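So the chains spell out like this:
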Amino acid sequence: MTDLFTVVNPATEQPVVDVPLTDLAGTDAAIAAAHEAFQRWRAVAPGERAALLRRFAAVVDAHVDELAELEVRNAGHTWGNARWEAGNVRDCLNYYSGAPERMFGKQIPVPGGTDLTFYEPLGVVGVIVPWNFPMPIAGWGFAPALAAGNTVVLKPAEITPLTALRIGELALEAGLPEHVLTVLPGKGSVVGERFVTHELVRKVVFTGSTEVGKRVMAGCAEQVKAVTLELGGKSANIVFADADLAAAAASAPYAVFDNAGQDCCARSRILVERSAYDEFMAGFEKAVSALRVLDPSDESSEMGPLVSAGQRASVQGYLDEVDVTFAGSRPDGAGYWIAPSVVTVDDPAERIWREEVFGPVVAVMPFDDEADAVARANDSDYGLSGSIYTSDLGRGLRVARAVEAGNLSVNSHSSVRYWTPFGGYKESGLGRELGPDAPLAFTEEKNVFIAH
Ligand code: NAD
């Protein structure tokens, strides 16, 4: 008998639907079918593969509201976020539909003949997705992988499978051949681990915790299997005294409390130049108390609940260790709620300053000068993203270059744009997703020499 997992609405704690969990035999069968489909998919003419991806994008576009509604119920995302997330899947498919017809190799001048390079697809790619952004993270894996001629098996997080399952159906509706994109809801210890150990899976794209990511990387080493890791973060938002402080304070809540702080790019540390500290904190407190923390079925909600009782307990564990300096609101009653919370920190050894809380909690610390700000920002095992607020563009660029992280923004908190590369330094990850080169990360570069 197939085991079932009951998906729960985190805003109401009510069951939504039971989803079957794929077992080992089911995973093996899906990988074998994806391997068989690979030979046919790679042979589809580039223009036709591009057209199929554009059709897939159009079908997703026609279902943005349906997908968003599923995510509001399954993951407690706000409507604004959930619509953006479904739109991001469409946009990635459209963007990478340009790739099949542009996978240019090189002709390299050599003596005695002609030398050519080709980008060959890898085969079956396994994409392992966490629960925090189920739709975009799935799309960042499957869209460029499919464009490069690979087939994909995709495992959503156990607790948030609904949008991935629907996207798998939409792929078939758009005309993608069977087994080109297969969604396998299930446990990490079963389906995810099988992607790592199965010899026909030639690359694993993993997004999730640093702890599991290290295990996935070690497992892939057994078969010298390609792996991309997008892991945790503890990103810094650095506010200089010469910044537009009102704007910096007004935007700071959205940089860390978006998706209830369950965002690998969350600016969960704020560094404020000492001379501007009081003014910034006054504006920040006003902005935090104005944040609309509501059931996400209310379209005006800006922050929803935590995704699960377990995640709420984990975040509460951090809050129990500290004094909260100020906090926003949260609804009473059912739901996995935590109010957006601000903690001031003196000692950089504190757990709340070093560890990824993955909830609506931010730690704030003053700094003395530019060098001090950079040193404090870099004093972390992580290096995913970060922000710099300043009116001095030279300083903005200088500090952006000095911070050891993959995605920096000056006078903005954005990290993710499908046009630009995304990924982490240090324990935040390995490899890059998105941007113009993403399809190449799903290929082997082959060199062919022809003697004259
Ligand atoms: P997690 O590591 O527990 O799980 C992530 C995925 O891996 C899930 O699908 C899970 O089922 C699967 N998994 C679990 N054990 C596995 C195993 N042994 N082998 C293979 N797969 C396995 O993380 P989570 O709790 O789902 O997500 C939260 C974490 O993800 C946070 O630490 C966050 O920072 C990180 N994250 C990082 C990024 C990024 O792009 N850097 C994006 C989103 C989330």
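Bear in mind that the values here come from a model prediction, so they are computed numbers and not experimental data.

Draft legend 1. Molecular detail of the packing of helix α2 (residues 46-62) against helix α4 (residues 79-96). With their axes 8 Å apart at the nearest point, α2 and α4 run at an angle of 165 degrees to one another. Viewed along their axes, α2 and α4 adopt a mutual orientation that is roughly antiparallel. Handedness of the α2/α4 crossing: left-handed. Along the contact surface, α2 presents Leu-53, Arg-54, Phe-56, Ala-57, Val-60 and Asp-61, while α4 presents Ala-86, Val-89, Arg-90, Leu-93, Asn-94 and Tyr-96. Class assignment of the residues belonging to the contact of α2 with α4 gives a composition of eight nonpolar, one polar and three charged.

Draft legend 2. Representation of the pattern of salt bridges. Enumeration over the complete set of coordinates arrives at 21 salt bridges. In this structure, Arg-90 engages Asp-61 in a salt bridge whose closest nitrogen and oxygen atoms are separated by 2.7 Å. Here the residue Arg-90 occupies a position in helix α4, and Asp-61 occupies one in helix α2, the gap between them amounting to 29 residues. The class for Asp-61 is partly exposed, based on a relative accessible area of 40%. The partner of Arg-395 in a salt bridge is Asp-242, and the shortest N-O contact between them spans 3.0 Å.

Draft legend 3. Examining α2 more closely. The end-to-end C-alpha distance of α2 is 25 Å, a good match for the 24 Å that 17 residues give at a rise of 1.5 Å each. Among all positions of α2, only Arg-49, Ala-50, Leu-52, Leu-53, Phe-56, Ala-57, Val-59 and Val-60 are buried. Of the surrounding elements, those touching the buried residues of α2 are α1 (24-43), α3 (64-75), α4, α5 (134-147), α6 (162-173) and β7 (181-183).

What counts as what
What you see as residue numbers is a count from 1 along each chain, following the sequence as written. Confidence filtering applies because this is a predicted model: local features only for residues at pLDDT of at least 70, side-chain atom pairs given and counted only at 80 or more, and all residues used for totals across whole chains, interfaces and linings. Values reported for side chains reflect all heavy atoms of the structure, with hydrogen atoms and water molecules removed beforehand. In this analysis an axis means a line fitted to C-alpha atoms, helices contributing only their contacting stretch, and an angle means the value between N-to-C directions, from 0 to 180 degrees. Numbering of helices and strands starts at the N terminus; helices are DSSP runs of H or I of at least 4 residues and strands are runs of E of at least 2. Any angle that is under 35 degrees is reported as roughly parallel, and any over 145 degrees as roughly antiparallel; angles of 65 to 115 degrees are reported as roughly perpendicular and all others as oblique. Crossing chirality is assigned from the near helix's rotation relative to the far helix, an anticlockwise turn below a right angle marking it left-handed and a clockwise turn marking it right-handed. We call two residues in contact when some of their heavy atoms are within 4.5 Å. Gly is put with the polar residues, along with every residue not named as nonpolar or charged; the nonpolar set is Ala, Val, Leu, Ile, Met, Phe, Trp, Tyr, Cys and Pro, and the charged set is Asp, Glu, Lys and Arg. Salt bridges are counted wherever a side-chain nitrogen of Lys or Arg sits within 4 Å of a carboxyl oxygen of Asp or Glu. Each residue gets one of three labels from its accessible area relative to the maximum for its type: buried under 20%, exposed over 50%, partly exposed in between, using a 1.4 Å probe on protein chains only. A helix is expected to span 1.5 Å for every residue after the first.

Note that all results are geometric; they support no functional claim without further evidence.
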